[in-house]
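Spelled out, the chains give:
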Amino acid sequence: MNRDHRPTALRLTHTSTIVRFTVLEALRTRLPWLWLAALASIGAASLFVNQIAITESERLQWSFYASGVRLAAVLTSALYITSSMLRELSEKGLEVALALDMPRASYVVGKLAAFVLVAGAMAMLAAVPLALARPLAAVGLWTVSLVCELAIVAAPEDFPRGVDPRMGAYGNKRGIL
């Protein structure tokens, strides 16, 4: 039974506010600089792979870049989401947010949407060098698959807090989630 009798627009306002502030937090931290440094490092390493390859050097270069960026994106995204949650937990931001007149689902959906939005921006930045050298259809599919993979990384990190705020830290420590 739905006990929330507020209009849908008001619930969307809560969600969009959570999304806006979470994305703003991602921009204010060192995440953009960290991601650009990771992309530059992997790009330089892929150029090195191109130089030492004997045959099919270009294909090997872009394969190395794509797989390296995918690994770096997963690790960077998980690191950002975990540090964001821990910062919010230590600053008691979660308790303040849950004390507001806002449905818990709006909070969870807002956080998840923001994390997926940040992941999408990371994937778009990673796809720029690929789009200059590879077919656009293949790069588009690669980018969509990377966004989906990063959404899968973000979902288990965010979901336990909606069920029970203490479960996120407990589940991650115990290896449950």
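Position numbers for residues start from 1 in each chain and track the written sequence from start to end. For this predicted model, a pLDDT threshold of at least 70 governs which residues receive local features, and a threshold of 80 or more governs which side-chain atom pairs are given and counted, while totals over whole chains, interfaces and linings are taken from all residues. Side-chain metrics in this entry use all non-hydrogen atoms of the structure; hydrogen atoms and water are not considered.

Engineer: Can you walk me through helix α5 (residues 104-133) in this structure?
Structural biologist: In an α-helix, one turn spans 3.6 residues; hence positions three or four apart end up facing the same way. By the criteria applied, helices consist of DSSP H or I runs no shorter than four residues and strands consist of E runs no shorter than two, each listed in order from the N terminus. Helices are assigned an expected span. That span is 1.5 Å times one less than the residue count. Between its terminal C-alpha atoms α5 stretches 45 Å, which fits the 44 Å expected from 30 residues at 1.5 Å a residue. Along its length, α5 reaches its greatest deviation from straightness, about 35°, at alanine 127, and the proline proline 129 lies no more than four positions downstream. Axes are fitted to the seven residues ending at a residue and to the seven starting at it; the angle between these axes is taken as the bend at that residue.

Engineer: Would you explain the layout of surface pockets in this entry?
Structural biologist: The probe, sized like a water molecule, is rolled over the atoms to show the empty space still left. Here the second largest pocket is characterised by a volume of approximately 180 Å³. A 1.4 Å probe that fits but cannot get out identifies a cavity on a 1 Å grid over protein atoms alone, an open set with protein on both sides within 12 Å along at least five of seven lines counts as a pocket, and a residue lines either if it has an atom within 4 Å of a point. If you go around the second largest pocket, the residues you meet are Val23, Ala26, Leu27, Leu31, Pro32, Trp35, Leu36, Val118, Ala121, Met122 and Leu125. Here the lining of the second largest pocket is built from residues that sort into 11 nonpolar, no polar and no charged. Grid points are joined across faces, edges and corners, and a volume is the space filled by probe spheres set on the points. Side-chain classes follow a simple rule in which Ala, Val, Leu, Ile, Met, Phe, Trp, Tyr, Cys and Pro form the nonpolar group, Asp, Glu, Lys and Arg form the charged group, and the remainder, Gly included, forms the polar group.

Engineer: Honestly, the pattern of salt bridges in this entry has me stumped. Any pointers?
Structural biologist: Close approach of charged atoms allows side chains with opposite charge to pair. A pair is scored as a salt bridge if a Lys or Arg side-chain nitrogen falls within 4 Å of a carboxyl oxygen belonging to Asp or Glu. The final tally for this structure, using the stated rule, is 5 salt bridges. The salt bridge partner of arginine 70 is glutamate 149, with a shortest N-O separation of 2.5 Å. Note that arginine 70 is positioned in helix α3 (residues 57-90) and glutamate 149 in helix α6 (residues 136-163), a separation of 79 residues in sequence. Only protein chains enter the area calculation, which uses a 1.4 Å probe; residues under 20% of their type maximum are buried, those over 50% are exposed, and those in between are partly exposed. The exposure class of arginine 70 is buried, given its relative accessible area of 19%. Overall, glutamate 149 belongs to the partly exposed group, its relative accessible area being 28%.

Engineer: Before we go on, may I ask you to explain the side chain of threonine 143 in this structure?
Structural biologist: The topology assignment puts threonine 143 in helix α6. Excluding residues within four positions of it along the chain, threonine 143 makes contact with Ala123, Met124 and Ala127. In this analysis, two residues are considered to be in contact whenever any of their non-hydrogen atoms come within 4.5 Å of each other.

Engineer: Explain the confidence of the model for the protein to me, please; I cannot follow it from the model alone.
Structural biologist: It should be kept in mind that the predicted coordinates are not to be read in detail where pLDDT is low. What pLDDT conveys is the predictor's confidence in a given residue, as a value from 0 to 100. When pLDDT is averaged along the protein, the result is 81, and 79% of the positions lie at 70 or above. Per-element confidence in the protein ranges from a low mean pLDDT of 48 for helix α7 (residues 167-174) to a high of 93 for helix α2 (residues 31-52). The low-confidence segment residues 169-177, where pLDDT is below 50, has 10 contacts with residues more than four positions distant or belonging to other chains.

Engineer: Sorry if this is basic, but what is going on with the packing of α3 against α5 here?
Structural biologist: Packing of α3 against α5 leaves a shortest axis separation of 11 Å and a crossing angle of 160°. Looking at the two axes, α3 sits roughly antiparallel to α5. The chirality of how α3 crosses α5 is right-handed. Counting all contacts with α3, which are made through Glu58, Trp62, Tyr65, Val69, Ala73, Thr76, Ser77, Tyr80, Ile81, Ser84 and Glu88, the residues of α5 involved are Tyr107, Lys111, Phe115, Met122, Ala126, Pro129, Leu130 and Ala133. The axes are straight lines fitted to the C-alpha atoms, using for helices just the contacting stretch, and the angles between their N-to-C directions are given from 0 to 180°. Any angle between 65 and 115 degrees counts as roughly perpendicular, while under 35 counts as roughly parallel, over 145 as roughly antiparallel, and the rest as oblique. By the definition used in this description, the sense in which the near helix is turned from the far one sets the handedness, with an anticlockwise turn below a right angle giving left-handed and a clockwise turn giving right-handed.

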